[in-house]
Amino acid sequence: MSVRRLAPDHVQPASFAFDAANENWADGEIAKYPPGRQASAVIPLLWKAQEQHHGWVPRAAIEAVARKLDMAPMRVMEIATFYTMFNLQPVGEHFVQLCGTTPCALRGAEALKKVCEEVIGPQSTVSADGKLSWLEVECLGACCNAPMAQINFDYYEDLTPDNFRELLDDLRHGRPVKAGPQNDRSCSEPLGGGETLKDAALYDGTVIGADDWQARIADQRKAAAEAAAAKAAAEAEAKKAEATPAAVEAKPATETAAAGRPKPSEASQPSSAAQDTPAANGKVSAAAVKESAKPAAPVAGKPEAAKTATAPALAESKPELLTAARDGKPDDLSLIWGVGPKLATMLNGMGVWHFDQIAVWKAEELAWVDARLTGFKGRATRDDWISQAKKLSTGWRPESKLGDKPA
C-alpha cells in the first residue's frame, strides 16, 4: 500500500467544526452505539467531515472527530490514513478516480490517463480553476463496462478518449452530464442489447396458458412421481434378480440347501422360526455330518467330479442377542468393513447392536448370523467380523468411515 500522508501545513485550515445540521447528524450516529462504544461511529463522522470540507479531510477535522468521540487523535489518524476512501489532500470540485486495473487497462485506460494529464494535470493536483483533480485507483467493480471512472459519487462507463474529454469539459463548465454508460449500452447488457429472453410471449402469460395451469402442473408432478416410483421398483427387482442365482430360483429349497444343513429361516421371520432349523441350537447330527462328508456322485461326461468331496457344513450356534441397544446408544456397525447401512439395520433387527457382542462370538455363532444375512450370506465370515469387532470394541477407530479392510 502506498504511503498516505496529510496535506502540507500551508493548505491545512486553522480549525474545523461541524455545521449545525451535521452536528445533529453526528449525534444521531453516535446514539446508535451503547455507552462507551461511541468510537464505533468514527468512520461515518470522518466521511461527513470530508463531505463538509470540500471532499477531503484536514488535520483539524481529524482532531475534531477525536474530541467528539473521546478518542486519542492518533487512533482517528490511523483510520483516516488507512482507508483510501478518505482523501488527505485537496481535491477538485469534480474528483476523478480513474480505474487502471487489468480489465480497464485492456480496454483503453492508458489513453484515458493521458487525457487526464492533458486536461487536468498530474495526479493529486487540482486544476487551476479548482474544478478538477484526478487519481488512478484500483478496481471499482464495473469491469464489464470498462474502461470507467468514478467522479464524486457517480460512475461513468464505456469511456473513450473522445467522450471522456467531452465529459470533463462539460463538468468543468457546469453543463449537465449523463452518468453510467457513455454509449448506447443499457446498464451492463451486451453492446447492442441483450440476446436472451426476447420472446414477448414470455411476458404476456401465454406460456403459462389460459387453461387450468395449476391442475396441469399438479398432473405433471404426479406423472413424474409415478415414473420415479416405477423406475425405483424396476431397479429393486433387478438387484433382487442379481442377488439370487438362477439355479437357486429353479430348484426347491430342499435341493439347494447344503447337505446336513437345511435352508436357514429368513432374518425377518419371528425368532422362534429361526430356531426351528436343526443347526440353530448348535447341534448337528452325526448322520448329517457323515452324509455331508460323502464324495459327490459322478456326473456323466465329467469323471473328475467323482473326485470332489463336499466339505461338512459348519455347526451353528445362536449368539447372545439384545432387544435394544444398551442405554439407547448403539455402536456404529458400519465401521466394520463390509457393513453398510442396510446390513447394519439387518443386524439391529436380529438383536446385534454393539461391537463387544460380535467380538466374543465363536465361529459357530458367526456362522449362525452369517446364514441369516438375507442377500449378504457369506459376508460376515469372509470379512472376519469377529477380528474387526475386537479392535473396534477397544475404542480404536479406522481412518476411513467405511472401516479398515481386513488383510
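So, how was this worked out
- Residues numbered from 1 in each chain as written.
- Predicted model: local features only at pLDDT ≥ 70, side-chain atom pairs only at ≥ 80, totals over all residues.
- Heavy atoms only, no water.
- Pairing = 2+ DSSP bridges.
- Helix = DSSP H or I, 4+ residues; strand = E, 2+ residues; numbered from the N terminus.
- Contact = heavy atoms within 4.5 Å.
- Axes fitted to C-alpha atoms, helices over the stretch in contact; angles between N-to-C directions.
- Phe/Tyr/Trp six-rings, centres within 6.5 Å; stacked < 30°, edge-to-face > 60°.
- Buried < 20%, exposed > 50% of the residue type's maximum accessible area, 1.4 Å probe, protein only.
- Lys NZ or Arg CZ within 6 Å of the ring centre and 35° of its normal.

1. Quick look at the sheet that holds strand β4 (residues 154–157)
- Here we have five strands laid out as an open sheet, ordered β2-β1-β3-β4-β5, and mixed in their pairing. Across the chains shown, the open sheet's two edge strands, defined by having one partner strand only, are β2 (132–137) and β5 (180–181).
- Direction of pairing for strand β1 (residues 94–99) relative to β2: parallel, over a ladder of six bridges. Looking at β2, one finds that Q97 is bridged to L135.
- Helix α7 (residues 161–172) rests against β1, β2, β3 (149–151) and β4 of the sheet, and its axis sits at about 160° to β1.

2. Re the packing of aromatic side chains
- Throughout the structure, instances matching the rule amount to four aromatic pairs.
- Between F82 and Y83 the ring centres are 4.9 Å apart and the planes differ by 85°, which places this aromatic pair in the edge-to-face class.
- Given a relative accessible area of 46%, F82 falls into the partly exposed group.
- Aromatic rings pair up to connect W47, F86 and F153 into one cluster.
- The cationic tip of K48 hangs over the ring face of W25; the distance from NZ or CZ to the ring centre is 4.6 Å.
- Above the face of the W396 ring, K391 is positioned so that its terminal group lies 4.1 Å from the ring centre.

3. A closer look at the pairing of β1
- Among the six residues that make up β1, six are buried, leaving the element largely enclosed by the rest of the structure.
- Burial along β1 is two-sided: the residues H94, V96 and L98 and F95, Q97 and C99 are all buried.
- Of the strand pairs in this sheet, β1 and β3 are connected by three bridges, and their pairing is antiparallel. Counterpart to L98 in the pairing with β3 is A149.

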